[in-house]
Amino acid sequence: MCAAACWAGFAGMAPAQENKPEEGEGAGAEAKATDENAPVVRTHEVEIGGVAISYTSTTGTIPLKDDEGNATASVFYVAYTREGVDTEKEPGKRPLMFAFNGGPGSSSVWLHMGALGPRRAPFPGDGTQLPKPPFALADNAYSVLDVADLVFIDPVSTGFSRASKPDEAGKFHGLEEDIESVGSFVRLYVTRNRRWASPKFLIGESYGAVRAAGLVRHLQDRHGMYCNGVVLLSGLLDFSTLRAAPNNDLPYVLFLPTMTATAFYHRRLDDELMADFSATLRKSEEFARGAYANALFQGNALEGEERSRIAGLAARYTGLEAGLVERSNLRISTSRFRRELLGLESGRSVGRFDARVTGWESDRAAVQPEYDPSYSVVLGPYASTVNDYLRRGLGFESDLPYEILTGLRWNYPDDAGYVSVSGRLRDAMRDNPHLKVLVACGYYDLATPHFAILHSLNHLDLDAELRSNIRVEYYQGGHMMYTNPEELEKLKKDLTGFIGSAL
């Protein structure tokens, strides 16, 4: 990594100028930016758990600079701090949580507008249906703002964050580069807001879990900043658990229990397996890690009746036809599963981010899904509401497009093979034995299945005492389990309890 990534400078936290409140959503005592680096500050109120919470929003960008003081990028953020808490005199009493999503190439909109922030985009029913546009916002009664201040970070090239020189944006698009730049933002925010003495938490969703696991160690090693807790939501630690290859059968094993959960939801299993979700999932996990894994390990040495027996069991636990499983060499890809579960003749496929969601396929003979219907359900509501909310609710103006999710070309270390941050999380926990980890998994997540991160956690090689610092929770939802209101309530309860236990 070049010296330009060793951030030293900071600007842009100058006091904002007071203006008269305007009519519209979120109007309150507010300040408009007088230059492009000054933050916009507003005051608001929300009811959380039946209690009225007054809070301040601060929206803006923080410039990152190299050792020579040259601006290299600006990182956009939205921060919420609870009023009535004097963090200047007693910083240790108010936790600070940094939140980001994944991709890589995703803004923080999903956690911001879906789960943690004081305002959210609601979904009808159990979160599997698209609301009717235009999309509206609602107060988030399950925000964690009552127990922690929040900072939502958009890494470079997402949201309104940009590299100073567009042709050099690639310098931020990599495993190490991303961790260093986000780490620099965290240090700058903590320093300028005098929060070094506050308890600190990281929460990352999807690839954001990779970032969080790498970042917690980076903050310790580079800045001596020790966190109290890390939340890995619908995440992963090791890409070998997700990306199958001729010499890597592990993903086929680890995705199978999620296929079972999905087949259960769509009632594609036999009567015995449909009797009890938890029992069936447990049996599926036992089969996956046992007979199924052993069969795949044998490769072509597995023949005859035993091969057919395994194919029949795999078919039973996935709701597919045994002949299809055998023709697939016992290895069921997630895309083939998504298309075949409901039958090709149905013309429907199940979602990747949330396998509860189904969508229509224009080519009924195709064996690969044309799109992810579960992404179509969430994109519009989150994109529309965040663009409106940032301007009318928070007072931040920009002509730049707010980049929700971009297909960035990511730079991984050439000699790393499958990228893994498991060792970094292990070392962070070893060096800081007070560090707590919460893992949150949706049962119907075919992007980052729960069994995959469990596999990584089981191979961290941690001392038994440190293993007790890890807590795993499951949800009746997909990758974004918080679109289901009941699961959002559970997530709130779990996060509140986790923050309390980590303190």
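Residues numbered from 1 in each chain as written. Predicted model: local features only at pLDDT ≥ 70, side-chain atom pairs only at ≥ 80, totals over all residues. Heavy atoms only, no water.

Trainee: Residues and numbers for empty space enclosed by the protein, please.
Mentor: For the coordinates displayed, the defined rule picks out 2 cavities of 30 Å³ or more. Space inside the largest cavity adds up to approximately 60 Å³. What lines the largest cavity is simply Gly 127, Phe 353, Asp 354, Val 357, Ser 374, Val 377, Val 378, His 479, Met 480 and Thr 483. Partitioned by chemical class, the residues of the lining of the largest cavity number 5 nonpolar, 4 polar and 1 charged. Volume-wise, the second largest cavity comes out at about 40 Å³. Lining the second largest cavity are Phe 76, Tyr 77, Val 78, Ser 108, His 112, Phe 152, Asp 154, Val 386, Leu 390 and Tyr 402. At 3 residues, strand β5 (residues 71-82) tops the list of elements feeding residues into the lining of the second largest cavity. (1 Å grid on protein atoms, 1.4 Å probe; cavity = no way out; pocket = protein on both sides within 12 Å on 5 of 7 lines; lining within 4 Å. Points joined across faces, edges and corners; volume = space filled by probe spheres on them. Nonpolar A, V, L, I, M, F, W, Y, C, P; charged D, E, K, R; others polar. Helix = DSSP H or I, 4+ residues; strand = E, 2+ residues; numbered from the N terminus.)

Trainee: Give me the lowdown on unusual backbone geometry, citing residues and values where you can.
Mentor: Omega for the peptide link from Gly 103 to Pro 104 comes to -5 degrees, which places this bond in the cis form. Here Pro 104 lies in the loop between β6 (96-100) and α1 (109-116). Phi at Arg 194 takes a positive value of approximately 55 degrees, unusual for a residue other than glycine. By the element assignment, Arg 194 lies in the loop between α2 (175-192) and β11 (200-205). When its relative accessible area of 56% is taken as the criterion, Arg 194 is described as exposed. Phi at Ser 206 is positive, roughly 60 degrees, even though this residue is not glycine. (Buried < 20%, exposed > 50% of the residue type's maximum accessible area, 1.4 Å probe, protein only.)

Trainee: Explain the nonpolar core residue by residue, including any values.
Mentor: Counting 98 residues, the largest nonpolar core has Phe 98, Phe 185, Val 186 and Leu 232 as its most contacted members. Residues Leu 116, Tyr 382, Tyr 402 and Leu 488 belong to the second largest nonpolar core, which totals 53 residues. (Core = buried A, V, L, I, M, F, W, Y, C linked by side-chain atoms within 4.5 Å.)

Trainee: Mind laying out helix α3 (residues 207-223), listing which residues take part and the relevant values?
Mentor: An ideal rise of 1.5 Å per residue puts 24 Å on 17 residues; α3 measures up with 23 Å between its terminal C-alpha atoms. The element α3 is largely enclosed, with a buried count of 14 among its 17 residues. Immediately downstream of α3, the backbone of Gly 224 shows phi near 65 degrees, a positive value. (Expected span 1.5 Å × (residues − 1).)

Trainee: Can you lay out helix α13 (residues 485-502) for me, pointing to particular residues and giving the numbers?
Mentor: Taking 1.5 Å of rise per residue, the 18 residues of α13 would be expected to cover 26 Å, and the 26 Å separating its terminal C-alpha atoms lies within 8% of that figure. Listed in full, the buried residues belonging to α13 are Glu 487, Leu 488, Leu 491, Lys 492, Asp 494, Leu 495, Phe 498, Ile 499 and Ala 502.

Trainee: Go over the environment of Ser 143, please, and point to the residues and values.
Mentor: Along the chain, the position of Ser 143 falls in the loop between β8 (138-139) and β9 (149-154). Here Ser 143 falls in the buried class, since its relative accessible area comes to 0%. Sequence-distant contacts of Ser 143, defined by excluding residues within four places in its chain, comprise Ile 48, Ala 115, Leu 116, Gly 117, Pro 118, Leu 150 and Lys 492. Among the polar contacts made by the side chain of Ser 143, one reaches the main-chain amide nitrogen of Leu 145 at a distance of 3.1 Å. (Contact = heavy atoms within 4.5 Å. Polar contact = N/O pair within 3.5 Å; in protein donor to acceptor, adjacent residues only side chain to side chain.)

It is worth stressing that arrangement in space is one thing and function is another; only the former is reported here.
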